[in-house]
Amino acid sequence: MKNIVILISGGGSNMAAIVRAAEQQHWGQRLGARVAAVVSNKADAKGLVFAREHGVATEVLEHQGFASREAFDTALQQVIDRYDPAVVVLAGFMRILSPGFVAHYAGRLLNIHPSLLPAFTGLHTHQRALDAGCKFAGCTVHQVTAELDVGPIVEQAVVPVLPGDTAATLAARVLTQEHVIYPRAVANLLSTM
Ligand code: GAR
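Residues numbered from 1 in each chain as written. Predicted model: local features only at pLDDT ≥ 70, side-chain atom pairs only at ≥ 80, totals over all residues. Heavy atoms only, no water.

(A) Spatial organisation of the pattern of salt bridges. Counting across every chain of the model gives three salt bridges. As a salt-bridge pair, E59 and R82 come within 3.3 Å of each other at their nearest N and O atoms. With E59 in strand 3 (residues 57-60) and R82 in the loop between helix 3 (69-81) and strand 4 (87-90), this pair connects stretches of sequence that are 23 residues apart. One salt bridge in this structure joins R184 and E155, with 3.0 Å as the shortest N-O distance. Highlighted residues: R184 in helix 6 (residues 167-191) and E155 in strand 7 (residues 153-160), separated in sequence by 29 residues. (Salt bridge = Lys/Arg side-chain N within 4 Å of Asp/Glu carboxyl O. Helix = DSSP H or I, 4+ residues; strand = E, 2+ residues; numbered from the N terminus.)

Shown next as structure tokens:
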């Protein structure tokens, strides 16, 4: 059985969708892997509670106290590699990763971003989509490369922008689709391994 390690910083709803997919006996595209650990850079990340309740090992590695980004990423890599992951999944992990970390997991490191990349890399994607007058928004699963939010696109989902939308209502509509495409993208990548 292959292992997945999921990195979170907050609510962890994408992580939860992947844990649930791994739990399914008859998942349409069986994940064929177990979520071996959920790692957070924040001790109060709500997603840690869900992971523990579902019997998934949790680790907290707070970035404060590390002298540099590279030092934190090296420690993070050591924590992750204890679980021997086939795939490492960034699920709302709000850290920029150093090139050495990204290279170590090349081809097996996925991220989900709440926009239709290449539009709106970075933060505040939903407000920026509204400000730009977009009629559609969405989310993207992509392979992670050294450049932020720029790696090869794996999956996308599109939602309409509706009259009266706020960043919050649009984010909620997009998030529903994130929970559909992310488990599928993880399953597809695992099936190639
Ligand atoms: C998701 O919308 C995800 O796309 C976004 O953070 C949210 C995490 O939600 N990620 C980024 O903005 C990464 N740059 P979750 O913790 O409930 O999965």
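(B) Geometry of the site of the ligand. Every residue near the ligand is listed here: G11, G12, S13, N14, G92, M94, I112, H113, P114, L175 and E178. Here an oxygen atom of the ligand sits 2.7 Å away from a polar atom, N or O, in the main chain of G12. Within the side chain of E178, an N or O atom sits 2.8 Å from an oxygen atom of the ligand. When the ligand is considered free in solution it has 450 Å² of accessible area, and contact with the protein chains removes 81% of it. Secondary structure elements with two or more residues in the shell around the ligand: helix 1 (13-23), strand 5 (109-113) and helix 6. When the residues that make up the shell around the ligand are grouped by side-chain class, the tally is four nonpolar, six polar and one charged. (Near = heavy atom within 4 Å. Polar contact = N/O pair within 3.5 Å; in protein donor to acceptor, adjacent residues only side chain to side chain. Areas by Shrake-Rupley, 256 points an atom, 1.4 Å probe, with all protein chains shown as cover. Nonpolar A, V, L, I, M, F, W, Y, C, P; charged D, E, K, R; others polar.)

(C) Region of interest: the nonpolar core. With 39 residues, the main nonpolar core has I6, M15, V38, Y182 and V186 as its most contacted residues. No other element matches the nine residues that helix 6 contributes to this core. Here V186 is in contact with I4, I18, L31, V89 and L110, once residues within four sequence places are set aside. Ranked by size, the runner-up nonpolar core spans 21 residues in total, among them V39, F72, L90 and V102. (Core = buried A, V, L, I, M, F, W, Y, C linked by side-chain atoms within 4.5 Å. Buried < 20%, exposed > 50% of the residue type's maximum accessible area, 1.4 Å probe, protein only. Contact = heavy atoms within 4.5 Å.)

(D) Structural view of the sheet that holds strand 7. The mixed open sheet is built from seven strands, whose spatial order is 3-2-1-4-5-6-7. Of all the strands in the sheet, the pair left with one neighbour each is strand 3 and strand 7. If you compare each strand with its neighbour and ignore which way they point, the axes differ by 20° on average. Pairing between strand 5 and strand 6 (residues 136-143): four bridges, direction antiparallel. Counted as the bridge partner of L110 is Q143 from strand 6. Contacts between helix 1 and the sheet are confined to strand 1 (2-8), strand 2 (33-40), strand 4 and strand 5, with strand 2 contributing the most and set at about 160° to the helix. Along the sheet face, helix 6 touches strand 1, strand 2, strand 4, strand 5, strand 6 and strand 7 and points at about 155° away from the line of strand 7. (Pairing = 2+ DSSP bridges. Axes fitted to C-alpha atoms, helices over the stretch in contact; angles between N-to-C directions.)

(E) Quick peek at the packing of helix 1 against helix 6. The contact between helix 1 and helix 6 brings their axes to 9 Å, and the two run at 45°. Between helix 1 and helix 6, the angle is such that the two are oblique. In terms of crossing hand, the pair formed by helix 1 and helix 6 is right-handed. The segment helix 1 lies against helix 6, with S13, N14, A17, I18 and A21 engaging L175, E178, H179, Y182, P183 and V186. Each residue belonging to the contact of helix 1 with helix 6 can be placed in one class, and the counts come to seven nonpolar, three polar and one charged. (Parallel < 35°, antiparallel > 145°, perpendicular 65-115°, else oblique. Left-handed = near helix turned anticlockwise from the far one by under 90°.)

(F) A look at the packing of aromatic side chains. Enumeration according to the criterion identifies two aromatic pairs in this entry. With a centroid separation of 5.4 Å and 80° between ring planes, the pair formed by F66 and F72 is classed as edge-to-face. (Phe/Tyr/Trp six-rings, centres within 6.5 Å; stacked < 30°, edge-to-face > 60°.)

(G) Seen up close, the side chain of T125. Residue position: T125 is located in helix 5 (residues 125-131). Side-chain polar atoms of T125 contact the backbone oxygen of P114, separated by 2.9 Å. Here T125 is in contact with H113, P114, S115 and F120, once residues within four sequence places are set aside.

By themselves, these are just geometric observations and shouldn't be taken as functional.
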